[in-house]
Amino acid sequence: MATFVGAFAAAPTASAGEADVESVQATRQTDGAWRFDVAVRHADAGWDHYADGWDVVAPDGSVLGTRTLLHPHDDEQPFTRSLTGVSIPDDITAVTVRAHDSVHGYGGAEGTVDLTAD
C-alpha cells in the first residue's frame, strides 16, 4: 500500500477555488490492478461550482484512470471516493493524482504516490 498525504493550512473560503487532492491511498489488488482512495477538498458551491472528478496520471501525462464525481459535496469536506481496477504497467513506479472542478478544470494541489512503497 502506498500513501500520499498533503498538508493544507488554509480553510475553504466562501468562494470556491480549485479542487485540491488532500490524500491518496493506493493499494495493489490480488488481480494486479490498483485501487485508489482519494480525498479531495474543494469549497463546493452547489451545482454551479463543484469538484467533479479526479484522474490517476502516469509520468508521461497519460491518464490511467478517472473517477467522475456526479454531484456537489457542499457539506462533506474533504470527501473521499474510490476507484478500483486501475491498470498500471509494471515499469511505472509513481503516479500523480489531480482533481478537477467544474469551473477551473485542473490546477489545484496534486498528489504523487510512489507505488513501490510499502
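Preceding block: the structure.
Quantities reported herein were computed from a predicted structural model and do not represent experimental measurements.

Section: the overall build of the chain
Within the chain one finds 0 helices and 8 strands. Sequence-ordered secondary structure for the chain, helices as α and strands as β, is β-β-β-β-β-β-β-β. Every one of the 118 residues in the chain was classed for burial, and the buried ones make up 42%. Restricting the contact set of the chain to residue pairs at least 6 apart, pairs at least 24 apart contribute 55%. Within the structure as shown, the chain displays about 6100 Å² of accessible surface, and the carbon and sulfur contribution to it stands at 48%.

A closer look at the pairing of strand 2 (residues 20-28)
Taken together, the 8 bridges between strand 2 and strand 3 (residues 34-41) define a ladder with antiparallel strand orientation. Directly across from Ser 23, in strand 3, lies its bridge partner Ala 39.

A word on the sheet that holds strand 7 (residues 94-101)
Note on sheets: strands pair through backbone hydrogen bonds, and any given pair is parallel or antiparallel. Overall, antiparallel pairing links the 4 strands, which are arranged 5-4-7-8 in an open sheet. Taken across any chain shown, the strands that pair with only one partner, and hence form the sheet edges, are strand 5 (63-68) and strand 8 (111-114). Strand-to-strand, the axes of this sheet are offset by a mean angle of 20 degrees, without reference to chain direction. Here strand 4 (residues 51-57) pairs with strand 5 via 5 bridges, running antiparallel. From the neighbouring strand, Val 56 faces strand 5, where its bridge partner is Gly 65.

Describing the environment of Ala 19
Inspection of the secondary structure puts Ala 19 in the loop between strand 1 (2-5) and strand 2. Aside from chain neighbours lying at most four places away, what touches Ala 19 is Val 40, Arg 41, His 42, Ala 51, Ala 99, His 100, Asp 101, Gly 108 and Ala 109.

Some words on the pattern of salt bridges
As enumerated under the stated definition, the model contains 4 salt bridges in all. Between Asp 90 and Arg 28 there is a salt bridge, with its nearest N and O atoms 3.3 Å apart. In this pair, Asp 90 is assigned in the loop between strand 6 (79-86) and strand 7 and Arg 28 in strand 2, connecting sequence segments 62 residues apart. With a relative accessible area of 68%, Asp 90 lands in the exposed category.

Each value, and the rule that gives it
- Per chain, residues are indexed from 1 in the order of the written sequence.
- Local features in this predicted model are restricted to residues whose pLDDT is 70 or higher, and side-chain atom pairs enter the listing and the counts only when it is 80 or higher, whereas totals over whole chains, interfaces and linings include all residues.
- Only hydrogens and water are removed before side-chain values are computed, so all heavy atoms of the structure are retained for them.
- Strands are runs of DSSP state E lasting at least 2 residues, helices are runs of H or I lasting at least 4, and numbering of each runs from the N terminus.
- For the exposure calls, accessible area comes from a 1.4 Å probe over protein chains only, and a residue counts as buried if that area is under 20% of its type's maximum, exposed if over 50%, partly exposed in between.
- Residues count as neighbours in contact if any of their non-hydrogen atoms are within 4.5 Å of one another.
- Calculation of accessible area relied on Shrake-Rupley with a 1.4 Å probe; when residues are assessed, cover is drawn exclusively from the protein chains displayed.
- Two strands pair under a simple rule: DSSP has to find at least two bridges between them.
- To obtain an axis, a line is fitted to C-alpha atoms, over the contacting stretch when the element is a helix, and the angle between two such axes runs from 0 to 180 degrees between their N-to-C directions.
- Think of a salt bridge as a Lys or Arg side-chain nitrogen and an Asp or Glu carboxyl oxygen that are within 4 Å of each other.

By themselves these figures say nothing about function.
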